[in-house]
Amino acid sequence: METMVPNFEFRTVPSILVEWSGARRLGEILAARFAARRVMVVTDMGVRRAGLADPVLTSLTEAGFTVTVFDGVVADPPEAIVHDCAEQARAAKAEIVVGLGGGSSLDIAKLCAVLVASAQPLAEMYGIGKVTGSRLPLALIPTTAGTGSEVTNISIITTGETTKMGVVSPQLYADLALLDAELTVGLPVVHTAATGIDAMVHAIEAYTSKFKKNPLSDALAREALRLLGSNVVAACRDGKDRAAREAMLLGATLAGQAFANAPVAAVHALAYPLGGHYHVPHGLSNALMLGPVLRFNMAAAAPLYAELSDVLLGARAGRDTAARSQDFVEEMERLMNDSGAPRRLRDVGVTDNSLALLASDAMKQSRLLINNPVEVTEADALALYREAF
Ligand SMILES: [Zn+2]
């Protein structure tokens, strides 16, 4: 029997521009859309050293923009980076913010655009819907196919020594997301694998999210998983495979749209402490926790995993829900093995005696844990870390 359409709201960015080499003509693109001409470009040294920023900056200058660059973003960015970036943007009287890079650069760009336009302190912005002011015009250009940050309303910041906190507010949706897959061509295999798997985790966790999943987030998650699952190994084997790179970037963005509305859950909650304590990159930490969490959730999520099996493997005749959900978990394990990413916590420097601390920290991610199809206690979290160790 067909079910009724539930009540739901779906939000996303107003404009997504998909264009190979589009970053090389960013000046033209922004000049046609915005009146502002003093631009702040937020990026990191890795992006600059890879030469990805040069054509972007040239294009902006040629189009008549006055350009200031903040390239001090680091992985797991602490609050001090946000403040430095906003201070430089204020000093430069920036009127528009461009984020260029991985998730951290885009997350900092979002907060910079908000902080410059408002007197609200960052400390009051953590949580859901806490941002009160508006923001500067904002364009986001991802250089990895993973976080989906270009289309989410979320910025993740490291507060104190090790805790990851989220600012989640509609103001963080950018005006424009530019998807230029050429920027991802030089991404090394291990980052291609880890960020690609992270994007798949976004699709999976959005699809099984307990409260806010809806027909639009489901459609986006399914298509994201199809694109990512059929291209992640190809993109890892040959980074110059243009079709695979384009599919991965689009897939990551669709997954981002899905999880901005149907939030991620236990995989991310367990992954964040690995970033906080060990600086395991976000994508990799998610890849490491995915297998154990999928098996943990199986009892409750089997019907949804069976549907995702059909997306990845096609409908398999004669296989019931239990068998297809098992197929799904096995296919995800196969993709992760074939991608070449590290597979165990001990491979990335995590020590046995820290697992209890990680489990206790994971419990702080109540914003995420609440979305998991199965309740996760601290004892469960510890068991999941042990399984991943
Ligand atoms: Zn993620």
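Residues numbered from 1 in each chain as written. Predicted model: local features only at pLDDT ≥ 70, side-chain atom pairs only at ≥ 80, totals over all residues. Heavy atoms only, no water.

A.B. asks: Break down helix 15 (residues 378-388) for me, citing the residues and quoting the values.
C.D. replies: Looking only at helix 15, the buried set comprises A381, L382, L384, Y385 and A388. For helix 15, the arc enclosing every buried residue in end-on projection is 160°, short of the 170-degree limit, so these residues lie on one face. Residues of helix 15 that are exposed and point over 90 degrees away from its buried face: A379 and R386. (Buried < 20%, exposed > 50% of the residue type's maximum accessible area, 1.4 Å probe, protein only. Helix = DSSP H or I, 4+ residues; strand = E, 2+ residues; numbered from the N terminus. Arc of directions from axis to C-beta.)

A.B. asks: Give me the pattern of salt bridges: which residues, what numbers.
C.D. replies: Once their charged atoms are close, side chains differing in charge can pair, the charge on each being opposite to the other. Enumeration over the complete set of coordinates arrives at 21 salt bridges. The closest approach of N and O atoms between D327 and R316, which form a salt bridge, is 3.1 Å. Residue D327 is located in helix 12 (residues 321-339), and its partner R316 is located in the loop between helix 11 (282-313) and helix 12; the two are separated by 11 residues in the primary sequence. Exposure remark for D327: the relative accessible area of 8% places this residue in the buried category. Note that E331 is salt-bridged to R334, the shortest N-O span being 3.0 Å. Of the two residues, E331 and R334 are both situated in helix 12; the distance of three residues between them amounts to about one turn of the helix. The network of salt bridges with shared partners includes R295, E333, R343 and E387. (Salt bridge = Lys/Arg side-chain N within 4 Å of Asp/Glu carboxyl O.)

A.B. asks: Lay out the side chain of N153 in plain terms, naming residues and giving numbers.
C.D. replies: Looking at where N153 falls in the secondary structure, it is placed in the loop between strand 6 (138-142) and strand 7 (154-159). Residue classification places N153 among the buried residues on the basis of a relative accessible area of 9%. Residues within four places of N153 in sequence aside, it is in contact with K110, V167, V168, S169, P170, L172, Y173 and A260. (Contact = heavy atoms within 4.5 Å.)

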